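# Close look at the chain arrangement
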Amino acid sequence: MRNRWRAAAAAAAVGLSLIAWPAQAGQPARAATSSTAGTAGTAAAEGCDVLAPGASAAAEKAVRTACSQIGVWYSWGGGHGPAPGPTYGMVDPTDPASEHDPQRRGFDCSGLVRYAYAEATGQDILNGTAHSQYNTAHATARFGPSEGTGPLVPGDLLVYGNARKVHHIAIYLGAGKMVEAKQSGTRIMVSDVRLGGDYFGAVRINAAPGQGTFSTWGTDVWTHAEASTTSARVIKFAGPTSVRITCQKHAQSVTAEGITNDAWSYLPDHKAWITNIYIKGPAWLNGVPTCS
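Position numbers for residues count from 1 along each chain, tracking the sequence in the order it is written. Restriction of local features to residues with pLDDT of at least 70 applies here, the model being predicted, together with a cutoff of 80 or more for giving and counting side-chain atom pairs; totals for whole chains, interfaces and linings are based on all residues. Hydrogen atoms and water are omitted, and side-chain values are computed over all heavy atoms in the structure.

## Digging into the overall build of the chain
- Within the chain, the secondary structure is distributed over five helices and 15 strands.
- Contacts are assigned to residue pairs with any non-hydrogen atoms lying within 4.5 Å of each other. Summarising the internal contacts of the chain: among those between residues at least 6 apart in sequence, 59% fall at separations of at least 24.
- Every accessible area reported is derived by Shrake-Rupley at a probe size of 1.4 Å, with residue values counting cover from the shown protein chains alone. By element, 54% of the accessible surface of the chain is carried by carbon and sulfur atoms, the whole surface being about 13,900 Å². Secondary structure elements follow DSSP: runs of H or I of four or more residues count as helices, runs of E of two or more count as strands, with numbering from the N terminus.

Given below as structure tokens:
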């Protein structure tokens with residue numbers, strides 16, 4: 001009986017060595033590095049790094065910060081505390097696998113991205129959901145799903161969903177690989193980039209907001225394919241959203257929210273137009289050129 005107890009205790013010790021114990025919020029969580037972690041865990045950790053050239057120094061640091069969390073639990077809502085870093089999660093009412101997330105200290109997909117870029121830039125520039133991270137004012141380039149991984153560099157953010165809602169986000173490593181907090185019941189991992197299904201594209205991040213950045217206001221505001229409310233709808237902003245504007249022009253006169261204006265702005269990141277009524281600022285935006 002005593003030998004049986006000792007064997008059980010030894011097995012438990014080995015199991016504990018496999019667990020990644022997150023540090024305090026705002027500090028890196030420690031993934032298991034013991035030789036008892038096993039070949040699969042070691043291979044995953046070694047495979048998580050900057051795997052291609054072309055990234056900025058900040059993007060490379062974001063990649064390596066995310067890679068330092070390999071083995072940490074996915075936890076729904078994790079990483080969204082007052083400061084970037086791992087936190088206990090909560091139950092996702094749509095996912096039975098999340099029942100233990102309130103006891104798991106880690107990250108969800110956007111919590112990991114937030115932490116990686118906060119460590120890389122020294123600023124909490126991506127504090128929000130995957131959808132708001134994709135629509136960030138810190139975007140310097142965007143890539144559509146048809147472009148594949150060809151134009152991407154390490155640190156670019158891969159997103160899944162659609163224009164109405166991006167529901168998942170991951171960090172590109174290069175060589176067709178990404179690091180992600182995937183789903184409840186798993187740990188932060190390296191995965192092959194998934195280009196099928198609802199892959200929506202990618203965005204490149206810079207610490208400074210992109211030139212010509214403004215904020216929308218209002219709720220459920222639609223953009224359009226042309227500078228007219230009768231043209232096809234493109235994307236809906238559920239609430240205030242940072243957008244880049246390259247030019248503006250006089251077109252269809254619109255009355256909304258008690259305001260009438262015929263000025264429209266072009267949003268290059270969404271290939272869409274929005275009435276200036278829903279852009280914070282004067283009716284004709286200062287410093288924005290007229291579309292040719």
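## Some words on the packing of helix H3 (residues 57–67) against helix H4 (residues 109–121)
- Between the N-to-C directions of two axes lies an angle of 0 to 180 degrees, each axis being a line fitted to C-alpha atoms and, for a helix, fitted only over the stretch in contact. At a minimum axis distance of 8 Å, the contact between H3 and H4 shows a crossing angle of 130 degrees. Relative to H4, the element H3 is oriented oblique. Read as a crossing pair, H3 and H4 show a hand that is right-handed. Contact residues: Ala58, Ala59, Lys61, Ala62, Thr65 and Ala66 in H3; Leu112, Tyr115, Ala116, Tyr117, Glu119, Ala120 and Thr121 in H4.
- For this scheme, ten residues count as nonpolar: Ala, Val, Leu, Ile, Met, Phe, Trp, Tyr, Cys and Pro. Four count as charged, namely Asp, Glu, Lys and Arg, and the remainder, Gly too, count as polar. A class-by-class count of the residues in the contact of H3 with H4 yields nine nonpolar, two polar and two charged. Roughly parallel means an angle under 35 degrees; roughly antiparallel, over 145; roughly perpendicular, 65 to 115; everything else is oblique. For a crossing to be left-handed, the near helix must be turned anticlockwise from the far one by less than a right angle; the clockwise case is right-handed.

## Quick word on the state of the cysteines
- Cysteine sulfur atoms that pair up within 2.5 Å are treated as a disulfide. Within this structure, the stated rule accounts for two disulfides.
- Here Cys48 is linked by a disulfide to Cys67, with a sulfur-sulfur distance of 2.0 Å. Taking the sign of the S-S torsion, -80 degrees for the link of Cys48 and Cys67, the bridge is left-handed. In this pair, Cys48 sits in the loop between helix H2 (38–46) and H3 while Cys67 sits in helix H3, placing the two residues 19 residues apart along the sequence.

## So, the environment of Thr216
- Its location among the elements puts Thr216 in the loop between strand S9 (213–215) and strand S10 (221–224).
- Separated by 27 residues in sequence, Thr216 and Val243 place their C-alpha atoms 7.2 Å apart.
- Non-local contacts of Thr216, meaning those with residues more than four positions away in its chain, are made with Phe237, Gly239, Pro240, Thr241, Val243, Ile274, Tyr278, Ile279 and Lys280.

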